[in-house]
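# Secondary and tertiary structure notes
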Amino acid sequence: MSSQVQKLKVGIIGGTGYTGAELLRLLVQHSMAEVIAVASRSEAGTKVSDLYPNLRGHLDLSFVEPKIEAFTECDIVFSATPNGIAMQHAPDLLARGIKLIDLAADFRLQDAAAWRHWYGEPHACSELLSEAVYGLPELNRESIRNANLVANPGCYPTATTLGFLPLIRESLIDHNNLIADVKSGVSGAGRGAKVANLFTEVSDSFKAYGVSAHRHHPEITQTLTAVAKQAVTLTFIPHLVPILRGIHATLYADISAETSLESLQSLFEATYAEEPFVDVLPLGSHPETRSVKGSNLCRIALHQATGSNKLVVLSVIDNLTKGAAGQAIQNMNLMFGLDESTGLNCPAQLP
Ligand SMILES: NC(=O)c1ccc[n+]([C@@H]2O[C@H](COP(=O)([O-])OP(=O)(O)OC[C@H]3O[C@@H](n4cnc5c(N)ncnc54)[C@H](OP(=O)(O)O)[C@@H]3O)[C@@H](O)[C@H]2O)c1
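Notes on the structure in this doc start here. (Residues numbered from 1 in each chain as written. Predicted model: local features only at pLDDT ≥ 70, side-chain atom pairs only at ≥ 80, totals over all residues. Heavy atoms only, no water.)

Near the ligand lie 28 residues; those nearest to it are T16, S40, S42, T81 and R191. Take T16: an N or O atom from its side chain is 2.5 Å from an oxygen atom of the ligand. Protein burial of the ligand: of its 880 Å² of free accessible surface, 84% is covered by the chains. Listed by contribution, the elements that provide at least two residues to the shell around the ligand are helix 1 (18-27) and helix 10 (321-335). Looking at the shell around the ligand residue by residue, the class counts come to ten nonpolar, 15 polar and three charged. (Near = heavy atom within 4 Å. Polar contact = N/O pair within 3.5 Å; in protein donor to acceptor, adjacent residues only side chain to side chain. Areas by Shrake-Rupley, 256 points an atom, 1.4 Å probe, with all protein chains shown as cover. Helix = DSSP H or I, 4+ residues; strand = E, 2+ residues; numbered from the N terminus. Nonpolar A, V, L, I, M, F, W, Y, C, P; charged D, E, K, R; others polar.)

Pairing between side chains of opposite charge can happen when their charged atoms approach one another. Throughout the structure, instances matching the rule amount to 14 salt bridges. With its nearest N and O atoms 3.1 Å apart, the salt bridge here joins D92 to R96. Under the relative-accessibility criterion, D92 is labelled partly exposed at 33%. One salt bridge connects K322 with E138, and the closest N-O pair in it is separated by 2.8 Å. Taken together, the positions of K322 in helix 10 and E138 in helix 5 (residues 137-145) put the pair 184 residues apart, joining distant regions of the chain. Across this residue pair, the class does not change: K322 and E138 are buried. Residues joined by salt bridges that share partners form a network here, namely E22, R25, R245 and D318. (Salt bridge = Lys/Arg side-chain N within 4 Å of Asp/Glu carboxyl O. Buried < 20%, exposed > 50% of the residue type's maximum accessible area, 1.4 Å probe, protein only.)

Right under this line is the structure:
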């Protein structure tokens, strides 16, 4: 930025996808940011508002090819692309002094061998992995402020990690038996046409998938292990539910007989008291995904099942907002010294 009053110049690679569209929806009403370039290979030349009519009157831009020349005037670029794309652009963007937030997984795993194992190809710029900051503000706020490269967390990892974080930090649960039973709406799979995501395939049905191995498992365990400073054992089971947006995480952890539910409620309330986007509900509440739809909030509630030593944490987010674009903008705000909530204060859409 050349002056304090000048708006941040923002570019988006992958502007036709669902997270790209959510970035646009939020950024056109951001008082300190201006979108100056939106890329798509398939829609280059098309007006953005012709593809996304909700943006008509808010954004007068056409999609451009995702070439570096389109982004040289940007202060920051969001890469809202499939895995393996941002790592191709990152060295060039960073060398030009342009900050990068990747909404995909390219910079989430710190170990290049782990990336290769889970994502099936060698990392294109593993030398940048140590520089990348995992963009969960509730955990890494100060590092994000100084980062040039942010790995925006996955949607399942955001809901799961925020639900376990206070417990892991204080060592109040058995680290060897964490269970995350998590459900996602269909927009979590992106906008690309796939038979499995057709209305006729997903509506009026409910299924688990990726039970024995899912790419978000190593991401969550990497974070929880670092916080716990010891290994954690997590059973992570994702499900697909026939809703458009929303993640609902039901998390289970063993607590000792001496640990009261009320003391854990106090811990959660204290941990998140100053967090603008984590809302700890009264004990025994049941947060609904619709209570966060289109908002950047994570709502959390604690329970203990009768006759059991299992603490149950319910954690809901919108996968496209706190789970992707909203959190990315929260990170952008931090990286440029803006109020963290700028452009993100809208309440959820309900009904
Ligand atoms: N959906 C979610 O809830 C969610 C949540 C958290 C994180 N994420 C992650 O965020 C990323 C984007 O997700 P999404 O759901 O928005 O995906 P999407 O709907 O499938 O959109 C992908 C976008 O990337 C562009 N693209 C594809 N290949 C490209 C390439 N080789 N070079 C440049 N652009 C390319 C596509 O446009 P063109 O093909 O026209 O170029 C499209 O705009 C993914 O990595 C996803 O895992 C998604």
